[in-house]
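What follows is the residue order along each chain.
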Amino acid sequence: DEEACATLPVAMAILAGSCVVVGITSEYLVSSVDGFATKVGLSPTFVALILLPIVGNAAEHFSAVTVAMKNKLDLSVGIAVGSSVQIAVFVTPLMVLMSNFVGPRPMTMTFSVFEVVVLVLSVMSTSTMLKDSKASWLEGVLLLGGYVIAGAGFWFMK
């Protein structure tokens with residue numbers, strides 16, 4: 001077992017401070033999406049659904065790749081898939097409910113047909129790749145290819 005480097009109160013204070021800093025920087029990042037998209041000539045949808053998750057989850061992606069390189073594929077998949085499930089099942093509905101009390105107007109969970117198709121195909125392809133509890137480079141390439149295709153679709157979405 002590993003020895004604790006900090007006491008529980010110190011660790012909790014560091015965690016709380018980190019959450020505050022991440023919250024502030026996330027607010028700046030998200031509020032700059034429209035201006036960035038206009039300045040660079042990209043659609044806000046592409047920036048919000050493709051670029052922002054890559055940048056916003058860089059540390060998580062790094063962790064998943066690092067543990068995968070240590071041959072701990074179950075942990076790597078758990079990091080990657082667990083985050084997506086957490087956002088889809090908990091955070092998104094919570095934000096829709098909270099928007100009724102906070103913010104300029106309530107959010108809805110109204111999605112375009114293309115967004116729903118991409119979501120369903122993403123879930124189906126990930127589920128198919130994970131059902132045998134084994135992974136190969138070809139499955140990884142197929143998942144990346146699906147991401148590139150979805151990104152290309154969002155690139156042209158206005």
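Please refer to the structure higher up on the page.
If you're wondering where the values come from, they're calculated on a predicted model, not measured in any experiment.

Quick notes on the overall build of the chain
For the chain, the count of helices and strands is 7 helices and 0 strands. Counting helices and strands in the order they occur from the N terminus, the chain gives α-α-α-α-α-α-α. Projected onto its principal axes, the C-alpha coordinates of the chain cover approximately 55 × 40 × 30 Å. Split into buried and exposed, the 158 residues of the chain put 13% on the buried side. A sequence separation of at least 24 residues applies to 43% of the contacts in the chain between residues at least 6 apart. The centroid of the 7 positive side-chain charges in the chain is displaced by 10 Å from the centroid of its 10 negative side-chain charges.

Thoughts on the nonpolar core
If you look at the biggest cluster of nonpolar residues, it comprises 11 residues: Val33, Ala37, Leu42, Phe46, Val47, Ile50, Leu52, Val118, Ala150, Phe154 and Met157. Looking at this core, the elements with two or more residues in it are helix H2 (33-40), helix H3 (44-56) and helix H7 (137-155). Setting aside chain neighbours within four positions, we find methionine 157 in contact with Ser43, Thr45, Ser112, Phe114 and Glu115.

Observations concerning H7
Helix length check: H7 (19 residues) gives 26 Å between terminal C-alpha atoms against 27 Å at 1.5 Å per residue, within 8%. Taken as a whole, H7 has its buried residues at Glu139, Ala150, Gly151 and Phe154. The arc that holds the buried residues of H7, viewed along the axis, is 120°, so those residues lie on one side. The exposed set on the far side of H7, more than 90 degrees from its buried face, consists of Trp137, Leu144, Val148 and Ile149.

Some remarks on the packing of H2 against H3
Packed helices, taken two at a time, are described by the angle their axes make and the gap between the axes. At a closest axis distance of 9 Å, the pairing of H2 and H3 adopts a crossing angle of 110°. In this view, H2 runs roughly perpendicular relative to H3, as classed from their interaxial angle. The element H2 and its partner H3 pack so that their crossing is right-handed. The residues of H3 that touch H2, namely those facing Val33, Asp34, Phe36 and Ala37, are Pro44, Val47, Leu51 and Leu52. In the contact of H2 with H3, the residues fall into 7 nonpolar, no polar and 1 charged.

Here's the deal with helix H5 (residues 73-98)
With 26 residues, H5 extends 36 Å from end C-alpha to end C-alpha; this agrees with the ideal 38 Å at 1.5 Å per step. Where H5 bends most, the angle comes to about 40°, and this point is isoleucine 87. Every buried residue of H5 is listed here: Ser76, Ser83 and Val96.

Examining unusual backbone geometry
The phi angle at asparagine 71 is positive, at roughly 65°, despite the residue not being glycine. Structurally, asparagine 71 is set in the loop between helix H4 (58-69) and H5. Residue classification places asparagine 71 among the exposed positions, given a relative accessible area of 70%.

Digging into a nonpolar patch on the surface
A contiguous nonpolar patch, built from Met109, Phe111, Val113, Val116, Val117, Val120, Leu121 and Met124 and spanning about 740 Å² of accessible area, is present on the exposed surface. Relative to the elements of secondary structure, phenylalanine 111 occurs in the loop between H5 and helix H6 (113-130).

Considerations on the side chain of glutamate 139
Among the structural elements, glutamate 139 can be located in helix H7. Of the side chains with opposite charge, lysine 131 lies nearest to the buried glutamate 139, which makes no salt bridge, at 9.1 Å.

Points about the environment of leucine 15
Within the secondary structure, leucine 15 is located in helix H1 (residues 8-31). According to the relative accessible area criterion, leucine 15 is partly exposed, its value standing at 48%. Counting along the chain gives 41 residues from leucine 15 to glycine 56, while the straight-line C-alpha distance between them is 18 Å.

Criteria and cut-off values
Residues numbered from 1 in each chain as written. Predicted model: local features only at pLDDT ≥ 70, side-chain atom pairs only at ≥ 80, totals over all residues. Heavy atoms only, no water. Helix = DSSP H or I, 4+ residues; strand = E, 2+ residues; numbered from the N terminus. Buried < 20%, exposed > 50% of the residue type's maximum accessible area, 1.4 Å probe, protein only. Contact = heavy atoms within 4.5 Å. Lys, Arg positive; Asp, Glu negative; His and termini not counted. Charge placed at Lys NZ, Arg CZ, Asp CG, Glu CD. Core = buried A, V, L, I, M, F, W, Y, C linked by side-chain atoms within 4.5 Å. Expected span 1.5 Å × (residues − 1). Arc of directions from axis to C-beta. Axes fitted to C-alpha atoms, helices over the stretch in contact; angles between N-to-C directions. Parallel < 35°, antiparallel > 145°, perpendicular 65-115°, else oblique. Left-handed = near helix turned anticlockwise from the far one by under 90°. Nonpolar A, V, L, I, M, F, W, Y, C, P; charged D, E, K, R; others polar. Bend = angle between axes of the 7 residues up to and from the residue. Patch = residues over 30% accessible without salt bridge, like charges linked within 9 Å, V, L, I, M, F, W, Y side chains within 5 Å. Areas by Shrake-Rupley, 256 points an atom, 1.4 Å probe, with all protein chains shown as cover. Salt bridge = Lys/Arg side-chain N within 4 Å of Asp/Glu carboxyl O.

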